[in-house]
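Fold and contact review
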Amino acid sequence: MIKKEPAPLIETKSLFKSYFNETIETPVLFDINLRIDAGEFVAIMGPSGSGKSTLMHILGFLDVPTAGHYHFKGESTEEKTEDELARIRSTNVSFVFQSFNLLPRTTVIDNVSLPLLYHSGTRPSDRPARAMKAINAVGLTERSTYLSNQLSGGQQQRVAIARALVTEPEVIFADEPTGNLDSASGKHVMEILQKLHKEGHTIILVTHEKTTAEHAERIIHIMDGHIVKDDRSFARRIASQVKELK
Amino acid sequence: MQLRDTVTIALKAVTGNSARSLLTMLGIIIGVGAVVLMTSVGESMQSVILGQISALGPKTIALWPGKNGPEQGAATLNPDFDSLTFSDMEALKRLTTITDVAPIIFVEGKTTYGKEQSDTRVVGTTPEYYLNQIVNAAEGRLHDAQDELEGRAVAVLGPDTAKDLFSNQSPLGKRIEIGNQKYTVIGVLESVGSQFFQNMDDRIIIPFETAHTVAQRSYVNMVTAMATGDPADAIDDIQFLLRRRHHIIPPETGPATDNDDFLVRSAEQAQEILGTVSASLTGFITMIATISLVVGGIGIMNIMLVAVTERTREIGLRKALGARRKDILLQFLIEAIVLTVLGGLIGMLLGLGLNAIIVGIARKFLDRYIFALNPIAMAAALLMAAGTGLVFGIYPARKAAELSPMEALRYE
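Residues numbered from 1 in each chain as written. Chains lettered and ligands numbered in written order. Predicted model: local features only at pLDDT ≥ 70, side-chain atom pairs only at ≥ 80, totals over all residues. Heavy atoms only, no water.

Assigned secondary structure in chain B consists of 13 helices and 14 strands. The 412 residues of chain B split such that 47% are buried. Long-range contacts, defined here as pairs at least 24 residues apart, represent 78% of the contacts in chain B between residues at least 6 apart. A total of about 19400 Å² of accessible surface is found on chain B, and carbon and sulfur atoms cover 61% of it. (Helix = DSSP H or I, 4+ residues; strand = E, 2+ residues; numbered from the N terminus. Buried < 20%, exposed > 50% of the residue type's maximum accessible area, 1.4 Å probe, protein only. Contact = heavy atoms within 4.5 Å. Areas by Shrake-Rupley, 256 points an atom, 1.4 Å probe, with all protein chains shown as cover.)

Following this line, the structure appears as structure tokens:
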């Protein structure tokens, strides 16, 4: 009897992406073949303009590829309608952005509750409890009633992480999460991401900083729209765990 | 996403920038406020006027010498128009469809009492006048058949006239002078207010016989009477009688023509005319309100388009967090409706407040002015405001909903 291997969480085959500006085509990604399994902590690394953010946006259903195939949990995503994609965004994936993207003049708890408005699985009466659970996980329990603009950058990014956690998604995408932070806050944010990974979350991180990428178990190097190196060596994993121990 | 959430978001967006929201709503506020104010004032005025006519009684009939047409009513200002004679009066009194026929002669000349002077209308008429005008004496007595018979120099004053000439003194038994003739005041009428914007409390009534002698006139300036049944029948009879007596070319009955040398009206007809006036006034107000609401709606659309541009990143974020097109569409649409309905409610309160002030002022001049509302017009104005929000909110809301999440997030 052959044991059927579970479908990978994310699988792309010959993925291409171009941007079109009137008649000019600007190709960004070329022939991306990628497989990411549940529970991985992956960093997509490359210089600015390499296409790493575009790749993350496609993987996170914020953008669509120009050609090629993208299977999510074994399911093809090419034929999905806009509402079906919105549903995947509300239940299966979530984002942490470089510039936090919190709603201004809005409390921490309301910011964290925001995805639950669009999450069909949560009853309105359960929202505060779920939001508080996510806020506890990033250590901001005492600040839940603060307005987002009353917090420091590091705290704001932790609110954004709580917001990404609140729907308990399968993948958390983080786009340069430390890019706007000082090194101490950045370190704290990465520690939280590592803790989440240890608890079983799949995390896909986009960064151009080597020090940030090194928190991950696996680093996909991307350059001019091509994957140039997929570093998932045992040595990487050890290094990542050592970093965690420190 | 539930509707309650959407409304909460919309309310937050509106109150979050209250100064701008208020400016945005201004068009709607003014539109709805104007409708509420104007319809309320209209309603109050109508009840004042209708109240007076019904106090007069719908069966009261007035008859003037004069021509129909563009110069309608001019005869009352021209005492030389002599088409209604005393023998016409005798014929009118024999009609069965009218009763209490009172001929009127206007007497010219200033009225004086000591140093006090007045330009009040002096009406020479018979005691039937009190019956068809449904008015009683508040003080003293009304003049009677005996006064007529003897052609006595007596006068009955309207309450305002009495106040003008005598302040707080009792006028009874005092001698006033009209023209060069002295009259003894025998009574003061009760207050009846205004009638067709003429103050009926400011008049002096003297016996017809006396007026006849003083004015040296053998025709009458006006006739009032009371219909015994349907006022329309009474008018038909009067027209038939007078056209025959004055040898006016047919038709002998039917509506007034240019050939007539008299005008006849019932209070009921006056009510109908008033109804037409008030209907055209309502139409006019509706037109102004519509224009105002459309202008207000364009303001709302404008600001919603600004809001969509301003909040492009927020829209992108919401979409990234799983909001569907429908959720975004509804959010902005409801925001526009909240803006207009809120504007409508503020406008309504403003209209009511201004109306209350107007009522307070008008009460000083018109005892019968009451605080009246037109709930249908108010509801319609509010509904129209909400409709404006819906219509003018659709375009910006669609624009917001169609943004791609990625482009919206990148927007600077």
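Another point: the nonpolar core. Counting residues in each nonpolar core, the largest one holds 70 residues, and the members touching the most others are I10, L55, F72 and F173 of chain A. Counting residues per element, this core draws most heavily on helix α11 (residues 325-365) of chain B, at 8 residues. When neighbours within four sequence positions are excluded, F72 of chain A is seen to be in contact with L9, I10, F61, T77, I88, N92, V93 and V171 of chain A. L84, V101, V220 and L241 of chain B belong to the second-largest nonpolar core, a separate cluster that totals 39 residues. (Core = buried A, V, L, I, M, F, W, Y, C linked by side-chain atoms within 4.5 Å.)

Moving on, we get to the sheet that holds strand β4 (residues 67-72) of chain A. Residue and element names in this part refer to chain A. Spatially, the 4 strands line up as an open sheet ordered β2-β1-β4-β5, and their pairing is antiparallel. The sheet terminates laterally at β2 (24-36) and β5 (75-76), the two strands that pair on one side only. Note that strand β1 (residues 10-21) and β4 share 5 bridges and pair antiparallel. Each bridged residue has a counterpart across the sheet, and for I10 the counterpart in β4 is F72. (Pairing = 2+ DSSP bridges.)

If you look at the interface, chain B gives 23 residues, while chain A gives 24 residues. Both faces considered, chain B and chain A share a buried interface measuring about 2100 Å² in area, 57% of it formed by carbon and sulfur atoms. Taken as a group, L317, L321 and M406 of chain B account for 27% of the area that chain B buries against chain A, more than any other trio of residues on that side. Note that K319 of chain B and E82 of chain A form a salt bridge whose closest N and O atoms lie 3.8 Å from each other. (Buried area = accessible area lost by both parts, 1.4 Å probe. Salt bridge = Lys/Arg side-chain N within 4 Å of Asp/Glu carboxyl O.)

Residue and element names in this part refer to chain B. On average, residues of chain B score 83 in pLDDT, and 91% of them are at 70 or above. Highest mean pLDDT in chain B belongs to strand β7 (residues 154-157) (94); lowest belongs to strand β10 (residues 194-195) (62). Across residues 70-77 the pLDDT falls below 50, and counting only partners more than four positions away or on other chains, this stretch makes 10 contacts in the model. Note on the complex model: pTM 0.68, ipTM 0.89. (pLDDT = per-residue confidence, 0-100.)

We now examine helix α6 (residues 159-166) of chain B. All names here are of chain B. Residues of α6 that are buried: T161, A162, L165 and F166. Along the long axis of α6, the arc covered by the buried residues comes to 100°, so they all point the same way. Tucked into the core, α6 has its buried residues touching β3 (111-113), β4 (116-118), β7, β8 (175-178), β9 (181-189) and β12 (203-207). Phi turns positive one or two residues past the end of α6, at S167, with a value near 50°. (Arc of directions from axis to C-beta.)

With that settled, consider the environment of T210 of chain B. Residues and elements named next belong to chain B. Inspection of the secondary structure puts T210 in helix α7 (residues 208-215). In this structure, the C-alpha to C-alpha distance between T210 and L149, residues 61 residues apart in sequence, is 9.4 Å. Other than its neighbours up to four places away in sequence, T210 contacts G151, R152, A153 and Y183. Side-chain polar atoms of T210 contact the backbone oxygen of G151, separated by 3.5 Å. (Polar contact = N/O pair within 3.5 Å; in protein donor to acceptor, adjacent residues only side chain to side chain.)

Once that is clear, we can look at the packing of helix α9 (residues 267-310) of chain B against α11 of chain B. Residue and element names in this part refer to chain B. Running from N to C, α9 and α11 cross one another at 140°; their axes reach a closest spacing of 11 Å. One finds that α9 runs oblique with respect to α11. Taken as a pair, α9 and α11 cross one another with a handedness that is right-handed. Contact residues: α9 offers I300, I303, M304, A307 and V308, while α11 offers F332, E335, A336, L339 and T340. Per-class residue counts for the contact of α9 with α11 are 8 nonpolar, 1 polar and 1 charged. (Axes fitted to C-alpha atoms, helices over the stretch in contact; angles between N-to-C directions. Parallel < 35°, antiparallel > 145°, perpendicular 65-115°, else oblique. Left-handed = near helix turned anticlockwise from the far one by under 90°. Nonpolar A, V, L, I, M, F, W, Y, C, P; charged D, E, K, R; others polar.)

Residue and element names in this part refer to chain B. It is at 7 Å that the axes of α11 and helix α12 (residues 375-401) come closest, and there the two elements cross at 150°. On the basis of the axis angle, α11 is roughly antiparallel to α12. When the axes of α11 and α12 are compared, the crossing they make is right-handed. In terms of residue class, the contact of α11 with α12 is built from 19 nonpolar, 5 polar and 2 charged.

As a further point, take the pairing of strand β13 (residues 222-227) of chain B. Residues and elements named next belong to chain B. Burial runs high along β13: 6 of the 6 residues are buried. Along β13, one buried face is formed by M222, T224 and M226 and the opposite face, lined by V223, A225 and A227, is buried too. With 4 bridges connecting them, strand β1 (residues 60-65) and β13 associate as antiparallel partners. Residue pairing in the sheet places I61 in a bridge with A225 of β13.

All names here are of chain B. Where like charges cluster on the molecular surface, the negative patch consists of D230, D233, D236, E268 and E272. When residues of the negative patch are traced back to their parent elements, those giving at least two are α8 (231-245) and α9. Considering the arrangement of structural elements, one finds E272 in helix α9. For E272, a relative accessible area of 54% puts it in the exposed group. (Patch = residues over 30% accessible without salt bridge, like charges linked within 9 Å, V, L, I, M, F, W, Y side chains within 5 Å. Lys, Arg positive; Asp, Glu negative; His and termini not counted. Charge placed at Lys NZ, Arg CZ, Asp CG, Glu CD.)

The next thing to look at is a nonpolar patch on the surface. A contiguous nonpolar patch, built from F284, M287, I288, I291 and V295 of chain B and spanning about 490 Å² of accessible area, is present on the exposed surface. Residue position: I291 of chain B is located in helix α9.

Turning next to the packing of aromatic side chains. One pass over the structure, following the stated rule, counts 7 aromatic pairs over all chains. Between F61 of chain A and Y70 of chain A, the ring centres sit 5.2 Å apart and the planes meet at 20°, which makes this aromatic pair stacked. Using a relative accessible area of 4% as the deciding quantity, one classes F61 of chain A as buried. Aromatic pair Y113 of chain B and F166 of chain B: ring centres 4.3 Å apart, planes at 45°, arrangement tilted. Placement of Y113 of chain B in strand β3 and of F166 of chain B in helix α6 is noted, with a sequence separation of 53 residues between them. The same class applies to Y113 of chain B as to F166 of chain B, namely buried. Clustering of aromatic rings is evident, with ring pairs tying together F61, Y70 and F72 of chain A. (Phe/Tyr/Trp six-rings, centres within 6.5 Å; stacked < 30°, edge-to-face > 60°.)

According to the stated counting rule, one finds 31 salt bridges over all chains in the structure shown. The closest approach of N and O atoms between K210 of chain A and E214 of chain A, which form a salt bridge, is 2.8 Å. Three or more residues are tied together by salt bridges with common partners; here these are R141, D144, D147, E150 and R152 of chain B.

Before going further, it helps to examine α7 of chain B. For an α-helix, 3.6 residues make a turn, and residues three or four places apart therefore share a direction. All names here are of chain B. Taken residue by residue, α7 has F208, T210 and A211 as its buried positions. All buried residues of α7 project into a common sector of 160° when viewed along the axis, lining one side. For α7, the secondary structure elements touched by its buried residues are α3 (86-93), β2 (98-107), β5 (121-125), α5 (145-150), β9 and β12.

On to the sheet that holds strand β8 (residues 202-207) of chain A. Residues and elements named next belong to chain A. Pairing within the open sheet is mixed, and its 6 strands lie in the order β6-β7-β8-β3-β9-β10. Edge strands, defined here as strands with exactly one partner in the open sheet, are β6 (93-96) and β10 (226-231). Pairs of neighbouring strands in the sheet enclose a mean axial angle of 20°, with direction left out of account. Looking at chain direction, β6 and strand β7 (residues 171-175) are connected through 4 bridges and run parallel. If you follow V96 over to β7, its bridge partner there is A174. Relative to the sheet, helix α5 (residues 153-165) contacts β6 and β7, its axis offset from that of β6 by approximately 175°.

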